[in-house]
Amino acid sequence: AQKITQTQPGMFVQEKEAVTLDCTYDTSDPSYGLFWYKQPSSGEMIFLIYQGSYDQQNATEGRYSLNFQKARKSANLVISASQLGDSAMYFCAMRENLMGGGNKLTFGTGTQLKVEL
Amino acid sequence: GAGVSQTPSNKVTEKGKYVELRCDPISGHTALYWYRQSLGQGPEFLIYFQGTGAADDSGLPNDRFFAVRPEGSVSTLKIQRTERGDSAVYLCASSPGQTDTQYFGPGTRLTVL
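This is a predicted model, so every value here is computed, not measured.

This next bit is on the overall build of chain A. In terms of regular secondary structure, chain A is built from zero helices and 12 strands. Walking chain A from its N terminus toward its C terminus, one meets helices and strands in the order β-β-β-β-β-β-β-β-β-β-β-β. At 14 Å, chain A has a C-alpha radius of gyration in line with the 13 Å of a compact globule built from 117 residues. Classification of the 117 residues of chain A by burial places 49% in the buried group. Contacts in chain A between residues far apart in sequence, at least 24 positions, make up 53% of those at least 6 positions apart. Carbon and sulfur atoms make up 48% of the accessible area of chain A, which amounts to about 5,800 Å² in all. One finds the centroid of the 10 positive side-chain charges in chain A at a distance of 3 Å from the centroid of its 11 negative side-chain charges.

What follows is the structure, encoded as structure tokens:
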């Protein structure tokens, strides 16, 4: 079974600084995908970034980048130039293929990020 | 365009009652997923639809839970004889195809008294 581990229940960062949110994963599938979602207090899960297991380069999306280290089975999210609006819960997730086609996401327990002035 | 919508946003019910939660996916998305998020946890998979059929319902906790998607668009999650342990946020997600990124709705917060 796939497993996602996020060991940081809470993180603080000062505005305009960079922050790294940790994520490690475990899977026996050679092909997999890793996602990061942001969940503000409103509750909606907002897709941030995706990394495929065979992608040669680390994914980037604006201020978000994914530090993918396959041998270590880690997929850390880096947020550069933090903004107050980045304060939210962040979830790492792994895609698992389903028997009937499609896929499901297995999520970690999340990291609560607080951006301070 | 419009994102995934879910109604109601909040539902309070009494133990033993029946509830229905509705999900309206992004137009044109063929894949639809339901997840349940308990307090302090990440979402957990319940069921996946491809078109009208439930392709995988392995995450449904027991036979009190059932979901339909009769016309391949809107889906309804149905919970019979609700229990206090069913209290959670129920999230719906949709994607253009089977292996694409899933986009989530705002969720329905269910409270069973």
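That was the structure; now back to the text.
With that settled, the discussion passes to the overall build of chain B. The helix and strand tally for chain B stands at zero helices and 11 strands. In chain B, the succession of α and β elements from N to C terminus is β-β-β-β-β-β-β-β-β-β-β. Computed over C-alpha atoms, the radius of gyration of chain B comes to 13 Å, within 12% of the 13 Å expected from 2.2 N^0.38 for 113 residues, which places it in the range of a compact globule. Dimensions along the principal axes, computed over C-alpha positions, put chain B at roughly 35 × 25 × 25 Å. Every one of the 113 residues in chain B was classed for burial, and the buried ones make up 46%. Surface accessibility of chain B: about 5,300 Å² in total, with carbon and sulfur atoms responsible for 46%. Seen as two clouds, the 11 positive and the 11 negative side-chain charges of chain B have centres 8 Å apart.

Residues and elements named next belong to chain B. Across the five residues of strand 8 (residues 75–79), four count as buried, placing the element largely inside the fold. Pairing analysis gives five bridges linking strand 3 (residues 19–24) to strand 8, with the strands arranged antiparallel. Each residue of the ladder has a partner; that of L21, found in strand 8, is L77. Bridge analysis of strand 7 (residues 65–68) against strand 8 gives four bridges, and the strand direction is antiparallel. For V68, the partnering residue across the bridge sits in strand 8 and is T76. Once strand 7 ends, the chain turns through six residues before running back antiparallel as strand 8, passing G72 with a positive phi of about 75 degrees.

Basis of the calculations
Residues numbered from 1 in each chain as written. Chains lettered and ligands numbered in written order. Predicted model: local features only at pLDDT ≥ 70, side-chain atom pairs only at ≥ 80, totals over all residues. Heavy atoms only, no water. Helix = DSSP H or I, 4+ residues; strand = E, 2+ residues; numbered from the N terminus. Rg over C-alpha atoms; globule rule 2.2 N^0.38 Å. Buried < 20%, exposed > 50% of the residue type's maximum accessible area, 1.4 Å probe, protein only. Contact = heavy atoms within 4.5 Å. Areas by Shrake-Rupley, 256 points an atom, 1.4 Å probe, with all protein chains shown as cover. Lys, Arg positive; Asp, Glu negative; His and termini not counted. Charge placed at Lys NZ, Arg CZ, Asp CG, Glu CD. Pairing = 2+ DSSP bridges.

No statement about biological role is implied by the geometric values presented.
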